[in-house]
Amino acid sequence: MAIYLIRHAETASNAARVMQQPDASLSDRGVEQARRLGERLRRAEIGHVLSSDHARARETAEAVCRATGASLELEPLLEERNFGDLRGRPYADFRAEGIDPFAEGYVPPNGESWEAFRARVARAWLRTEERAASTTGDLAVITHGLVCAIVVERHASLAPRVIDNAPPWHNTGVNVIEGPPWRVTLFNCASHLADLVDTGPA
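Residues numbered from 1 in each chain as written. Predicted model: local features only at pLDDT ≥ 70, side-chain atom pairs only at ≥ 80, totals over all residues. Heavy atoms only, no water.

**Things to note about the pairing of strand β2 (residues 46–51)**
Side-chain positions along a regular strand alternate between the two faces of the sheet.
Consideration 1: The buried count for β2 comes to five of six residues, which makes it a mostly enclosed element.
Consideration 2: By the bridge criterion, five bridges tie β2 to strand β4 (residues 138–143) in an arrangement that is parallel. When the bridges of β4 are listed, Val49 appears paired with Ala140.
Consideration 3: Alignment of β2 against strand β3 (residues 71–74), held across four bridges, turns out to be parallel. Note on β3: the bridge partner recorded for His48 is Ser71.
Consideration 4: Tracing the backbone out of β2, into helix α3 (residues 55–68) and back to the parallel element β3 gives a crossover that is right-handed. (Buried < 20%, exposed > 50% of the residue type's maximum accessible area, 1.4 Å probe, protein only. Helix = DSSP H or I, 4+ residues; strand = E, 2+ residues; numbered from the N terminus. Pairing = 2+ DSSP bridges. Right-handed = clockwise from strand over helix to strand, strands pointing away.)

Structure representation (C-alpha cells):
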C-alpha cells in the first residue's frame, strides 16, 4: 500500500510571498503544475484522492482526478495551519515587524498554535490511514507544506535532519509513503515540473 503525499500547486500568493488565505486559487503556472502532476500520477495506481478543502489544494486534487479517474474526498483536517490575522499579509511585513510566524512558541492572533496544529495533523494522519486501508489501489493526499513536513517527520519515519537539509517543499512535490509500518520511499520529488520555476514553501 502506498500513500502519495503531495503539496498543492502554486498560487499567486505563493509567487508574491504573501501568507495565503483559504480561498487562494491556483495561478496559471499552478494550473500547469497540477496538470503535469496529474499526468505523472496517471502512471500510478491511484484509487482515491483525499484533499484539504482549501481552494488551492482542491483545485490541484481535481486535476489529479481528471487525469487518473480517481474519486475525490475533501478533508478539513488536512488544511494548512491557520495563521489567523496574518493571512493575506506579505512576508516582508513580518520581517519588518520582527515577527517569525514559524517560530516554535509563536501563536498568530486568532490563529492556531503549533501544539494545536500538530494535534490536528495527527488526527488527519489517522484519517488518512483509515482511508488508505479502505481504498482499492493507492491513495493520493493533496495538502500543504507544513502538513507534509509534520507527517513525514512524525508519522512516516523520516528524520528531522533530512527535512532540515532538504530543498523547500516544492509545489506539487511528491512524497511516497509505503507501509505499514510507514516509511518514506520518495521525498519531495518534482521531476514532473521540468522547466517550471518553483516558488518555495509559502
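The discussion continues.
**Structural notes on the nonpolar core**
Consideration 1: In terms of nonpolar packing, the biggest core is built from 29 residues, with Ile3, Leu5, Phe117, Val141, Val151 and Ile177 touching the most fellow members.
Consideration 2: Mapped onto this core, the elements with two or more residues apiece are β1 (2–7), α4 (91–96), α5 (114–133), β4 and α6 (145–154).
Consideration 3: Residues within four places of Phe117 in sequence aside, it is in contact with Glu79, Glu80, Arg81, Glu112, Leu146, Val147 and Ile150.
Consideration 4: Core analysis: the next-biggest nonpolar cluster, separate from the first, contains 16 residues, Cys65, Ala140, Val174 and Val176 among them. (Core = buried A, V, L, I, M, F, W, Y, C linked by side-chain atoms within 4.5 Å. Contact = heavy atoms within 4.5 Å.)

**Considering the state of the cysteines**
Consideration 1: Overall, the coordinates contain zero disulfides when judged by the stated rule.
Consideration 2: Unpaired in this structure, Cys65 has its nearest cysteine sulfur neighbour in Cys148, at a distance of 17 Å.
Consideration 3: You can call Cys65 buried: its relative accessible area is 12%.
Consideration 4: In this model Cys148 remains outside any disulfide bridge; the closest cysteine sulfur is found in Cys189, 13 Å from its own.
Consideration 5: We classify Cys148 as buried; its relative accessible area is 0%. (Disulfide = S-S within 2.5 Å.)

**Thoughts on the environment of Met19**
Consideration 1: With respect to the helices and strands, Met19 occurs in the loop between α1 (12–16) and α2 (28–42).
Consideration 2: Met19 gets classed as buried once you look at its relative accessible area, which sits at 4%.
Consideration 3: Separated by 69 residues in the primary sequence, Met19 and Gly88 place their C-alpha atoms 5.3 Å from one another.
Consideration 4: If near-sequence neighbours (up to four positions away) are discounted, Met19 is found in contact with Phe83, Leu86, Arg87, Gly88, Arg89, Tyr91, Phe94 and Pro101.

All quantities given are derived from atomic positions and should not be read as evidence of function.
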